[in-house]
Amino acid sequence: MALAAGATASGLRLAPFSLPPPRLLRPNPSRGLLVAATASFPRPRRCGCGAVVRCANRTGKRRYPSEKKRLERRHKELLKQAAPEQGSEGRESGYWRFSKLAVPARDDPGKDFAGVSLPLLQAIAKAIKFPVASMLPEEAFSVIRKSFDARKVLKEPQFIYTVDIDVKKLLDMEPRTWDFIARLEPKLGAIEYMPDEKLTSDLISMLNVNKKGSDDELEISNTISNGSFCPSRKKPRVAVIGSGPSGLFASLVLGELGAEVTLLERGQPVEQRGRDIGALAVRRILQSESNFCFGEGGAGTWSDGKLVTRIGRNTDGVQAVMKTLVHFGAPSNILVDGKPHLGTDKLVPLLRNFRHYLRELGVTIRFNARVDDLIVEDGQVKGIVVSDSRLQLAAVDEKLSFDAVVLAVGHSARDTYSMLRQHNVDISPKSFAVGLRIEHPQELINSIQYSELAAEVQKGRGRIPVADYKIVKSAVEGQAENDLDTAKQNRSCYSFCMCPGGQVVLTSTDPSELCINGMSFSRRASKWANSALVVTVSSHDFIPFQSHGPLAGVEFQREFERRAAMMGGGNFVVPAVCVTDFISNRLSVTTLPPSSYRLGVRPSKLHELFPPYITEALQQSIIMIDKEMPGFVSKEALLHGVETRTSSPLQISRDGETYESTSLQGLYPIGEGAGYAGGILSAAVDGMYCGFALAKQLSLFHGDIESFLGKAQKQIGFVKY
């Protein structure tokens, strides 16, 4: 007898579910083969209710302990196989990479020093068991990564280094190190042997090598000599919509490979955009097309400029993007810093240099060019309809023909989403996060994180980096009766876009809506530290807005942005509350602590802004955070509302190899607005790979991008800073 959905023989309540039918073996006349095949597939276990229970694939930290041990043994074997035998001649060359080399903070020259100091030589000497650190030549070592670790579990704060040793150079300069190099053994996560130095060039150098067909260490020339770069007689015309990281890097690749690229940006270049943002901060004048979200560089330009990503910091694609940023003016220490960031003051000149290079390359860049529609014929994009975004009433439509359209808009291009829906483009809601932005005095965060070492920060000019934090908590909704209910009711709450030494800024694109974000400059010298505390929401939370179809997440955002605007009383005043009042569901004060937000704050009952499941998750998480960081809950801590645009609320379906829309030929959705990136780096990488994929389809490039940049790492969602 079949059981009703949600019930079991034991009375335990289960969520309705269905399992795929078991995979049947192909009939085989040989019974011996059938028995062998059956034996290789463990028989599925069955629970008491008769349902088949199959073990899901578990990856990362969710792997079973036995699986982790098996992988560790496999990795150790691979490390040993990669290294030459102890004492052999093969050890006289190559490179050894040492990770987790610790130098006490009191001995290190400081966060801005990326060279090889005597304390670091002492750490290296200890690792290779060499008796006299001062005898080691600095020239034989290269610092690959440097980060700061001030966790309470350590005896004292320390800088953590990753260092490469050039064996040939070391032996030439100090032959007495041979005995110690000869005895080195690879160690998982700490010591690794490399026959060659791991080098990744910037994207421009790679592409120039491509075109010249010259030899280089990445062996791109091999593909070139076989005809991988194929300039065509008639240049294909490509439109790139949006000048954020994904649009810029897609334009760079396509322009270098010979396409006739037109880059269209609805906002202003960074110079005028900066003036428009200044007018907003001082005179409360919001330009709908030139603000913190729209304009050259995208939303990340006026932010903290973080260069962190979940797609792999050491991948060749990420390194190519990082070195390209350095080529355009970013400081070289971003290649070494464990938590690299640029800051708005560094991003503005970088974008100016990027723009000048693209124009010299032949890319046409049009600002104030808003794309209002697509020209579609027989299920394929043939062009776009553009208008001047400065002309609100008398805008004249301009129709432009293109062979392909790269859609690189940001997550706030809601009018573009509506336009795509009219063309029946395949769009689906995607999880994102909403919450509030909390602000503390930076000195308080320094004191909590560093204790007596806080005096060394000196507003970003000291030896120690300005203190930040990264928090991930899990809150449970309501009362869970069993483990299944607990798993279902868990919500992730975490810090997002933490801006040490920063300020809270307005990111609204409509005067009737209110949303905020954080930003900081390169020195992070402000007296404030702010971070969003956000809760994950997904499609089942959008049910009240399901009439909007795939744009339900957009309407979910709008609902709370409008509520925040009403709470603030208009004129871009932000509703705010002391943390102590928020966790107690009250508003006990009429005067709030100082805030970095320049347009004013208003005491408000922010505990009434969101539905209870979001508010309670935030409250539980804040209390848990205070247990780990005593002092986090204080009268000086101020919550601001509302943070809703952590990432795109939807995803535009596309082919994983060609990057082309699965429902509309000729359209290539990329970057954060399309739901495939979460931050500057991942968006730039997505644009770069799309550029190569599209160039291949346009017969501009016949090589294999993965041969020298590796396989594209897919990231969907947002970065948990």
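Residues numbered from 1 in each chain as written. Predicted model: local features only at pLDDT ≥ 70, side-chain atom pairs only at ≥ 80, totals over all residues. Heavy atoms only, no water.

> Help me understand the sheet that holds strand β5 (residues 158-166) in this model?
Strand order in the open sheet formed by four strands is β4-β5-β3-β6, with antiparallel pairing between adjacent strands. Edge strands, defined here as strands with exactly one partner in the open sheet, are β4 (141-149) and β6 (191-194). Within the sheet, the average angular offset between the axes of one strand and its neighbour, ignoring direction, is 20 degrees. Judged from the eight bridges that link them, strand β3 (residues 95-104) and β5 form a sheet pairing that is antiparallel. Residue pairing for β5: Tyr 95 is matched across the bridge by Asp 166. Across the face of the sheet, helix α3 (residues 118-128) comes into contact with β3, β4 and β5 while running at roughly 120 degrees to β3. (Pairing = 2+ DSSP bridges. Helix = DSSP H or I, 4+ residues; strand = E, 2+ residues; numbered from the N terminus. Axes fitted to C-alpha atoms, helices over the stretch in contact; angles between N-to-C directions. Contact = heavy atoms within 4.5 Å.)

> Any chance you could explain the pairing of strand β20 (residues 528-537) here in plain terms?
Within a regular strand, the side chains alternate between the two sheet faces. A large share of β20 lies buried, amounting to nine of its ten residues. Inspection of the sheet shows strand β15 (residues 432-441) paired to β20 by ten bridges, in the antiparallel sense. Paired with Glu 439 across the strands is Asn 530, a residue of β20. When strand β17 (residues 490-499) meets β20, the two strands line up antiparallel, connected through five bridges. Residue pairing for β20: Phe 496 is matched across the bridge by Ala 532. (Buried < 20%, exposed > 50% of the residue type's maximum accessible area, 1.4 Å probe, protein only.)

> What is the right way to read the side chain of Thr 416 from this model?
Here Thr 416 shows up in helix α12 (residues 414-422). Residue classification places Thr 416 among the buried positions, given a relative accessible area of 6%. For Thr 416, the residues in contact, after removing those within four places along its chain, are Arg 266, Leu 407 and Val 409.

> Just to check I follow, could you spell out the pattern of salt bridges for this structure?
In the structure shown here, the tally under the stated rule is 36 salt bridges. A salt bridge links Arg 414 to Glu 561; the shortest N-O distance between them is 3.1 Å. With Arg 414 in helix α12 and Glu 561 in helix α15 (residues 552-568), the pair connects residues that are 147 residues apart, well separated along the chain. Across this residue pair, the class does not change: Arg 414 and Glu 561 are buried. Between Arg 654 and Asp 686 there is a salt bridge, and its shortest N-O distance comes to 2.8 Å. Pair noted here: Arg 654 is in the loop between β24 (650-652) and β25 (667-669) and Asp 686 is in helix α18 (residues 680-697), with a separation of 32 residues, a long-range link. Considered together, Arg 654 and Asp 686 belong to a single accessibility category, that of buried residues. One salt-bridge network, in which partners are shared between bridges, spans Arg 414, Glu 513, Glu 555, Arg 558, Glu 561, Arg 562 and Arg 645. (Salt bridge = Lys/Arg side-chain N within 4 Å of Asp/Glu carboxyl O.)

> Quick question: what am I supposed to make of the nonpolar core here?
One recurring pattern in soluble globular proteins: nonpolar side chains tend to sit buried together. The biggest cluster of nonpolar side chains holds 159 residues, and the ones touching the most others in it are Trp 96, Phe 141, Val 406, Phe 556, Met 688 and Phe 692. Here the element with the most residues in this core is α18; it accounts for eleven residues. One finds Ile 241, Ala 369, Leu 420 and Leu 551 within the second-largest nonpolar core, a separate group that totals 28 residues. (Core = buried A, V, L, I, M, F, W, Y, C linked by side-chain atoms within 4.5 Å.)

> Any chance you could explain unusual backbone geometry here in plain terms?
Glycine aside, residues mostly have negative phi, and peptide bonds are mostly found in the trans state. The amide bond that connects Gly 641 to the next residue, Val 642, takes the cis arrangement and shows omega of 10 degrees. As for its placement among the helices and strands, Val 642 is situated in strand β23 (residues 638-643). A positive phi is found at Asn 585, a non-glycine position, where the angle reads about 55 degrees. Mapped onto the elements of the fold, Asn 585 is located in the loop between α16 (579-582) and β22 (601-603).

> Honestly, α18 in this entry has me stumped. Any pointers?
For the α-helix, the turn length of 3.6 residues means that residues three or four positions removed from each other point alike. Taking 1.5 Å of rise per residue, 18 residues should cover 26 Å, and α18 covers 26 Å from first to last C-alpha, within 8% of that figure. Most of α18 is tucked away, with 16 of its 18 residues classed as buried. Taken from the residues just after α18, Ser 699 is the one with a positive phi, measuring 60 degrees. (Expected span 1.5 Å × (residues − 1).)

> In this structure, what is going on with the UniProt feature "domain: FAD-binding" (unreviewed entry) in the protein chain? I would like to understand it.
Residues annotated by UniProt as "domain: FAD-binding" (unreviewed entry) correspond here to residues 237-274. A helix fraction of 45% and a strand fraction of 26% characterise residues 237-274, whose end C-alpha atoms lie 31 Å from each other. (UniProt positions renumbered as here; feature names shortened; annotations may be inferred.)

> Would you mind going over the packing of helix α8 (residues 245-256) against α18 with me for this structure?
Any two packed helices are characterised by the angle at which their axes cross and by the distance between the axes. Interhelical geometry of α8 versus α18 gives an angle of 30 degrees and a closest axis separation of 7 Å. The hand of the α8/α18 crossing is right-handed. The segment α8 lies against α18, with Pro 245, Ser 246, Phe 249, Ala 250, Val 253 and Leu 254 engaging Ile 680, Ala 683, Ala 684, Gly 687, Met 688, Gly 691, Phe 692, Leu 694 and Ala 695. Residue composition of the contact of α8 with α18, grouped by class: twelve nonpolar, three polar and no charged. (Left-handed = near helix turned anticlockwise from the far one by under 90°. Nonpolar A, V, L, I, M, F, W, Y, C, P; charged D, E, K, R; others polar.)

> Explanation requested: the confidence of the model for the protein chain in the structure shown.
A low pLDDT means the predicted coordinates there should not be read in detail. In this model, the protein chain carries an average pLDDT of 86, and 83% of its residues clear a pLDDT of 70 or more. Predicted confidence is poor over residues 483-488, with pLDDT under 50, and the contacts of this stretch with residues over four places away or in other chains come to six contacts. Note that residues 716-721 has pLDDT below 50 and, in this model, 36 contacts with residues that lie over four places away or in other chains. (pLDDT = per-residue confidence, 0-100.)

> So what exactly am I meant to see when it comes to the packing of aromatic side chains here?
Two aromatic rings, taken as a pair, are described by how far apart their centres are and by the angle between their planes. Here the structure, examined in full by the defined rule, presents 15 aromatic pairs. When the centroid spacing of 5.7 Å and the interplanar angle of 65 degrees are considered together, the rings of Phe 328 and Tyr 357 count as edge-to-face. One end of the pair, Phe 328, is in the loop between α10 (316-327) and α11 (344-361); the other, Tyr 357, is in helix α11, with 29 residues separating them in the sequence. A residue is classified by how much of its surface remains accessible, and Phe 328, at 4% relative accessible area, is buried. Seen from their ring centres, Phe 560 and Phe 610 are 5.2 Å apart, and the 50 degrees between their planes marks the pair as tilted. Highlighted residues: Phe 560 in helix α15 and Phe 610 in the loop between β22 and α17 (612-628), separated in sequence by 50 residues. Taken individually, Phe 560 and Phe 610 each receive the classification buried, so the pair is uniform in this respect. Pairwise contacts between aromatic rings join Phe 432, Phe 542, Phe 545, Phe 556, Phe 560 and Phe 610 into one cluster. It is Lys 146 that lies over the ring of Phe 159; its NZ or CZ is 4.8 Å from the centre. It is Arg 266 that lies over the ring of Phe 294; its NZ or CZ is 4.3 Å from the centre. (Phe/Tyr/Trp six-rings, centres within 6.5 Å; stacked < 30°, edge-to-face > 60°. Lys NZ or Arg CZ within 6 Å of the ring centre and 35° of its normal.)

> Sorry, what's going on with the packing of α8 against α11 here?
Their axes nearest at 10 Å, the elements α8 and α11 cross at an angle of 25 degrees. By the angle class used here, α8 and α11 are roughly parallel. In this structure, α8 meets α11 at a crossing whose hand is left-handed. Of the residues in α11, those touching α8 at Leu 248, Phe 249, Ser 251, Leu 252, Gly 255 and Glu 256 are Leu 351, Phe 354, Tyr 357, Leu 358 and Leu 361. Residue composition of the contact of α8 with α11, grouped by class: eight nonpolar, two polar and one charged. (Parallel < 35°, antiparallel > 145°, perpendicular 65-115°, else oblique.)

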